[in-house]
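What follows is each chain in one-letter form.
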Amino acid sequence: MPTPETTATVDPWAERARAALTRYDEDIVRLVAGRLVKPRGHWPVDDLVERSLAALRNAPGIDRRLKELPPACRKLLALLGVLRRPDAAVGPLLSLLAALGHTEGVQPLLTLFEEGLLFPDLPEGAVPLRAFEGWLGQAAAAGVPLHVFTLPLVAERARGTDLGLPAPPTVEASFTATAREADGLDWPVRMAVVWQQVAAAPLRRTQNHDFFKRDLARLRGDPLLAGPGAEALAELPDTGPLAVLLAHASGLLREQEGELTAADFPPAWNDGLFPTLTCVWTALPEAKGWQPVRGWVGPGDGEDPYPAAGLLCLLLLARLPETAWARPADLEAWVREHHPFWAGRSLPEDEANAWAAPWLLGLAYPLKIVQATTDPDAEGGWLVRLSPYGRWLLAGGPPPAAPPAFRQTLLVQPNYEVIAYRQGLTPSLLASLSHVAAWKSAGAACMLELNAEQVYRGLELGQTLESVMRLLNQHGMRQVPDAVADGLRTWSNKRERIVVYPRALLLEFASAAELEEAASRGLIGVRLTDRLALVSDESQMQYRHFRLTGNRDYAAPPERCLDVDDDGLTLAVDAGRADLLLETELARLTEPLPAGDDGRRRYRLTQATLRKAVSNGFPLPVLDEWFVKRSGEPLSPAARLLATATQQAAPRITRAVVVEVADEATADGLVQWPVTGALIERRLGPTALLVADENVGPLRERMDELGLPADGG
Amino acid sequence: MPPEPAAGARLPVKLHQKVCLVLTEDAVLAEELLARKKLAQEVAGRLTPTALLVRPGRVDAVVEELRKAGHTPQVVGPARPPA
């Protein structure tokens with residue numbers, strides 16, 4: 001059966017091990033390599049690292065090394081094997097070892113580090129590690145949670161090591177009682193619901209990874225998440241926050257800058273029910289901050305014993321014969337006695353604080369790890385044992401048979417509701433449905449609804465109308481009703497009506513002919529204008545067919561890119577500096593002209609374009625500002641005249657005569673002497689005087705009297 | 001006038017990168033969008049009757065406003081630059 005550790009390639013963990021080895025001091029590398037590969041000479045460090053990694057890929061070699069280890073070390077690696085994940089936090093791992101009777105503290109860790117079978121999780125850029133004790137001490141002093149990891153093959157080979165646990169007391173089940181086993185879908189359904197809700201509205205986390213009050217209230221109150229589950233035999237508190245933890249730890253959600261967002265469904269969800277449940281199993285140790293009795297308590301600083309305690313209960317069950325039953329309370333009693341969290345504590349052990357029964361019946365049972373039957377000696381009580389899947393997981397049992405497949409399990413109703421019968425539900429189908437239909441209920445028959453918002457979200461995530469129809473028809477008991485098919489088509493078409501390109505690449509050609517040439521060669525996608533084309537996928541851009549004449553970032557501020565001709569109305573574009581907004585601005589203010597001899601695009605301001613711009617929200621001050629921004633000069637007088645002519649006072653046209661005198665002093669005299677000054681309208685220049693038509697005669701007479709007769713006129 | 005491009009020659013072209021653009025099915029739909037004040041103030045210009053240039057950095061707000069208006073825009077590529 002594929003599991004996360006066997007389906008994934010070994011490389012990521014080998015790379016992690018390589019990174020750890022390169023962060024060791026040379027002496028430590030030589031020490032570790034000495035144990036793993038026993039080099040005969042003084043090999044370079046790089047060689048030692050590679051040979052050590054090669055040794056960790058050799059199964060018979062690993063088996064030999066495991067046999068030579070002290071029991072505590074073998075058990076520690078076996079625990080990683082049982083957890084089906086090669087990494088773990090140091091604290092819970094040591095607690096588990098202590099519960100197994102090994103109270104040597106960190107010594108098993110140190111031994112495994114030196115043997116090269118376990119690696120400390122060292123941060124990138126850390127100073128070279130000189131001593132493993134130093135790492136443990138420094139990190140512990142700084143309050144940093146420590147993690148260790150091994151290679152999947154090492155954990156796999158160590159799985160099956162006898163952990164030395166006793167068999168718990170067995171209880172005889174009633175002769176008539178039958179073993180009950182869940183369908184395993186409760187938690188995958190909850191996690192799919194969480195995924196859908198987070199896809200719609202990301203969840204924010206506080207700095208210490210707690211939920212914000214409002215989100216927590218929502219998770220606690222959501223009927224889809226907070227319900228008891230169709231199959232659970234015990235009610236758990238705060239299943240909403242727990243579902244979020246499990247979804248996050250198993251990869252359905254990702255955290256970025258304190259925000260949980262929806263990721264892709266892990267590949268295990270496509271591999272079937274058991275790989276999916278194993279994916280959830282590997283996430284259980286990460287469910288910190290949630291307790292089977294109190295529910296969500298938040299991520300405190302102290303150790304959270306419940307993931308390890310639950311595992312110990314299951315490991316105790318693994319000691320039982322296949323058909324034997326045990327009482328949860330007996331398992332809990334053993335754990336309370338041996339796990340260091342409870343050992344020596346005087347905690348109330350009344351029924352209200354009993355955590356094993358809710359954990360086993362509310363979590364392990366719906367995950368198909370345990371079977372249950374009624375306890376003949378206690379009313380309402382249950383007995384538990386490992387299921388075939390649980391025995392494969394924890395007791396080295398054979399892989400369980402995949403559940404029978406019922407392909408047609410959906411009923412799409414004309415009111416857009418989709419009933420999903422659990423018999424045929426698979427994790428893969430859950431994932432597909434969660435993309436396109438909104439969850440409404442998650443009982444014995446799940447109910448979803450096809451609505452515009454969810455279908456649209458599914459389309460955003462890569463679904464197509466065809467894939468949605470195929471999904472519903474393939475798994476439907478009947479053909480999708482016509483009304484629903486029409487609705488889906490309408491929503492899909494509606495989505496095509498508006499396309500948003502957040503970071504499009506536009507190609508600007510110098511001429512329409514060049515754009516045509518590019519189009520005929522199949523080099524462009526969407527044609528926007530006669531010179532602009534859109535490339536929606538930049539990775540498809542074939543640069544070798546183009547010669548770049550410019551490259552402009554849309555977000556860059558606008559530049560001066562217009563030259564104004566002497567007429568004050570003709571604008572020539574500097575194509576190298578022009579931006580896209582210029583195109584839209586020129587379209588509002590000007591009319592295009594044929595390109596000039598220099599090849600530059602030219603535009604002309606006309607009275608019609610300017611008046612239209614002014615009336616369409618481009619008032620004169622804005623126009624002036626735009627001119628300065630684009631050409632470096634204010635609006636030209638000609639353009640200003642065209643733009644404002646209709647708003648000016650009406651000009652007055654009159655007849656008048658210009659009198660030119662010989663010099664400036666004569667003009668001064670004529671203007672100042674009251675007899676002539678009264679007859680002069682205005683002085684036009686140093687020697688030019690403007691005289692109204694009717695005053696020309698009297699002025700001429702006065703000038704004659706002065707002995708200054710005028711010529712002409 | 002620029003010379004006609006020779007067949008097979010590399011075509012001179014200017015690139016405009018990271019352009020925030022909304023394309024509508026028809027001009028009427030674009031008008032409808034521009035009639036919404038909140039959308040109109042995020043539009044920097046109208047490249048064609050069906051192509052609206054969005055102010056740099058405001059594309060998320062535009063998508064949100066389109067959704068509020070009951071539209072289901074197809075967003076091509078990342079709405080935000082990759083971290």
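Each value, and the rule that gives it
Residues numbered from 1 in each chain as written. Chains lettered and ligands numbered in written order. Predicted model: local features only at pLDDT ≥ 70, side-chain atom pairs only at ≥ 80, totals over all residues. Heavy atoms only, no water. Helix = DSSP H or I, 4+ residues; strand = E, 2+ residues; numbered from the N terminus. Rg over C-alpha atoms; globule rule 2.2 N^0.38 Å. Buried < 20%, exposed > 50% of the residue type's maximum accessible area, 1.4 Å probe, protein only. Contact = heavy atoms within 4.5 Å. Areas by Shrake-Rupley, 256 points an atom, 1.4 Å probe, with all protein chains shown as cover. Lys, Arg positive; Asp, Glu negative; His and termini not counted. Charge placed at Lys NZ, Arg CZ, Asp CG, Glu CD. Axes fitted to C-alpha atoms, helices over the stretch in contact; angles between N-to-C directions. Parallel < 35°, antiparallel > 145°, perpendicular 65-115°, else oblique. Left-handed = near helix turned anticlockwise from the far one by under 90°. Nonpolar A, V, L, I, M, F, W, Y, C, P; charged D, E, K, R; others polar. Buried area = accessible area lost by both parts, 1.4 Å probe. Salt bridge = Lys/Arg side-chain N within 4 Å of Asp/Glu carboxyl O. Polar contact = N/O pair within 3.5 Å; in protein donor to acceptor, adjacent residues only side chain to side chain. Pairing = 2+ DSSP bridges.

Remarks on the overall build of chain A
And then number 1: Of regular secondary structure, chain A possesses 32 helices and 27 strands.
And then number 2: For 713 residues, the compact-globule estimate of 2.2 N^0.38 gives 27 Å, and the C-alpha radius of gyration of chain A, at 42 Å, exceeds that figure by more than 25%.
And then number 3: Principal-axis analysis of the C-alpha atoms places the extent of chain A at approximately 150 × 75 × 60 Å.
And then number 4: Every one of the 713 residues in chain A was classed for burial, and the buried ones make up 49%.
And then number 5: If you take every contact in chain A between residues at least 6 apart in sequence, the share linking residues at least 24 apart comes to 64%.
And then number 6: Total accessible area computed for chain A in this model is approximately 33600 Å², and 50% of it derives from carbon and sulfur atoms.
And then number 7: Of the charged side chains in chain A, 72 are positive and 91 negative; the average position of the first set lies 4 Å away from that of the second.

Notes on the environment of Gln-479 of chain A
All names here are of chain A.
And then number 1: Assignment of secondary structure puts Gln-479 in the loop between helix H23 (465-475) and helix H24 (482-497).
And then number 2: Note on Gln-479: relative accessible area 62%, which makes it exposed.
And then number 3: In this structure the C-alpha to C-alpha distance between Gln-479 and Ala-247, which are 232 residues apart in sequence, comes to 33 Å.

As for the packing of H23 of chain A against H24 of chain A
All names here are of chain A.
And then number 1: Where H23 contacts H24, the axes come no closer than 10 Å and their chain directions differ by 160 degrees. It follows that H23 is roughly antiparallel to H24 by the angle criterion. Where H23 crosses over H24, the handedness of that crossing is right-handed. Two secondary-structure elements touch here, H23 through Leu-465, Val-468, Met-469 and Leu-472 and H24 through Ala-485, Leu-488, Arg-489 and Ser-492.
And then number 2: The residue inventory of the contact of H23 with H24, partitioned by class, reads six nonpolar, one polar and one charged.

Some points on the interface of chain B and chain A
Reports often express the size of an interface as the amount of accessible area lost when the parts come together.
And then number 1: Listed per partner, the contact involves 54 residues of chain B and 59 residues of chain A.
And then number 2: When the buried area of chain B at its contact with chain A is split by residue, Lys-14, Leu-15 and His-16 of chain B rank highest and sum to 15% of it.
And then number 3: The interface formed by chain B and chain A contains three salt bridges.
And then number 4: Among the salt bridges present, the one from Asp-553 of chain A reaches Lys-18 of chain B, with a minimum N-O distance of 3.4 Å.
And then number 5: The tally of links from chain B across to chain A stands at 32 residue pairs in polar contact (both at pLDDT 80 or more).
And then number 6: Of all the elements in the fold, those that place two or more residues in the side of chain B that touches chain A are strand S1 (11-24), helix H1 (27-34), strand S2 (43-48), strand S3 (51-54), helix H3 (59-68) and strand S4 (74-75) of chain B.
And then number 7: Broken down by element, the residue count for the side of chain B that touches chain A peaks at 14 residues, all from S1 of chain B.
And then number 8: Across the side of chain B that touches chain A, the residue classes break down as 34 nonpolar, eleven polar and nine charged.
And then number 9: Both strand S17 (residues 498-509) of chain A and S1 of chain B contribute to a ladder of nine bridges, which runs antiparallel. Across the sheet, Leu-507 of chain A pairs through a bridge with Leu-15 of chain B, a residue of S1 of chain B.

As for the pairing of S1 of chain B
And then number 1: Counting buried residues along S1 of chain B, twelve of its 14 residues qualify, which places the element largely inside the surrounding structure.
And then number 2: Relative to S1 of chain B, strand S20 (residues 546-553) of chain A runs parallel, the two sharing seven bridges. The partner of Arg-547 of chain A across the bridge, within S1 of chain B, is Pro-12 of chain B.
And then number 3: The sheet contact formed by S1 of chain B and S3 of chain B spans three bridges and is antiparallel. Directly across from Leu-21 of chain B, in S3 of chain B, lies its bridge partner Leu-53 of chain B.

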